[in-house]
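Take a look at the letters that make up each chain.
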Amino acid sequence: MISKQKRQEMILDIIQHQTIANQEDLLAQLNGRGVETTQTTISRDIRALNIVRQKDSVGQLRYQQLQEPTAEKPEKGSTTAVDEAIKEYAYFAKNVEFMTIIKTTDGSGNAVAGIIDDANLPEVVATLAGFNTIYVTSTTAQSAEQLANHWAALIG
């Protein structure tokens, strides 16, 4: 049985050297290298490694690792990590009652929502994410408005 660290290193190697567009393809590549794992485990690894599906330089949708724009990577689960992810991948944030709606680049909605979830922000009850949209539910309408204003300011 392969270790989690080795499996994740293999995942990064695979997505850096091949065009992988979905979890099934990634799972097949791992199986081809003798790694037996499940789709659930692959999903966890993708989230832990900050991997998103986004268009590459030729416009093809593929898995790529989110890169932090700063030289020093923010600690996972920190508000700095959330702010960096919002600045890098979001282009719209708006408050609607007790929710904040965030629009992201294609394929990065789930990863950015995962970063928000990992930060355990006191204003955030839960997130619901898709391909390029995140719904952030807050404890109060005021909290949601503050988050939306903060994130909108980061986006510019």
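As the structure is a computational prediction, the values presented were derived from the model and not from experiment. (Residues numbered from 1 in each chain as written. Predicted model: local features only at pLDDT ≥ 70, side-chain atom pairs only at ≥ 80, totals over all residues. Heavy atoms only, no water.)

Draft legend 1. Up close: helix α5 (residues 109–119). Counting buried positions along α5 gives 8 out of 11 residues, so the element sits mostly inside the fold. Among the residues making up α5, those that are buried are G109, A111, V112, A113, G114, I115, I116 and A119. (Buried < 20%, exposed > 50% of the residue type's maximum accessible area, 1.4 Å probe, protein only. Helix = DSSP H or I, 4+ residues; strand = E, 2+ residues; numbered from the N terminus.)

Draft legend 2. The pairing of strand β3 (residues 90–96), seen in detail. In the sheet, β3 pairs with strand β4 (residues 99–104) via 6 bridges, with the strands oriented antiparallel. Bridge assignment links N95 to a residue of β4, and that residue is T100. The loop that links β3 with its antiparallel partner β4 comprises 2 residues; one of these, E97, has a positive phi angle of about 55°. (Pairing = 2+ DSSP bridges.)

Draft legend 3. Seen up close, the UniProt feature "domain: Arginine repressor C-terminal" (unreviewed entry) in the protein. Look at the UniProt record and you will see "domain: Arginine repressor C-terminal" (unreviewed entry) annotated at residues 93–149. Taken end to end, residues 93–149 has its terminal C-alpha atoms 8 Å apart, with 35% of it in helix and 39% in strand. (UniProt positions renumbered as here; feature names shortened; annotations may be inferred.)

Draft legend 4. Quick peek at the side chain of T127. Among the secondary structure elements, T127 is positioned in strand β5 (residues 124–129). Looking at T127, the relative accessible area reads 18%, which means it is buried.

Draft legend 5. Structural context of the UniProt feature "domain: Arginine repressor DNA-binding" (unreviewed entry) in the protein. According to UniProt, the "domain: Arginine repressor DNA-binding" (unreviewed entry) feature falls on residues 2–66. End-to-end, the C-alpha atoms of residues 2–66 are 25 Å apart, and along that stretch the chain is 52% helix and 15% strand.

Draft legend 6. Highlighting the confidence of the model for the protein. Residue-level pLDDT values for the protein average 86, and 92% of them are 70 or greater. Here residues 69–77 is a poorly scored stretch, pLDDT under 50, and it has 14 contacts once near neighbours within four places are set aside; other chains count. (pLDDT = per-residue confidence, 0-100. Contact = heavy atoms within 4.5 Å.)

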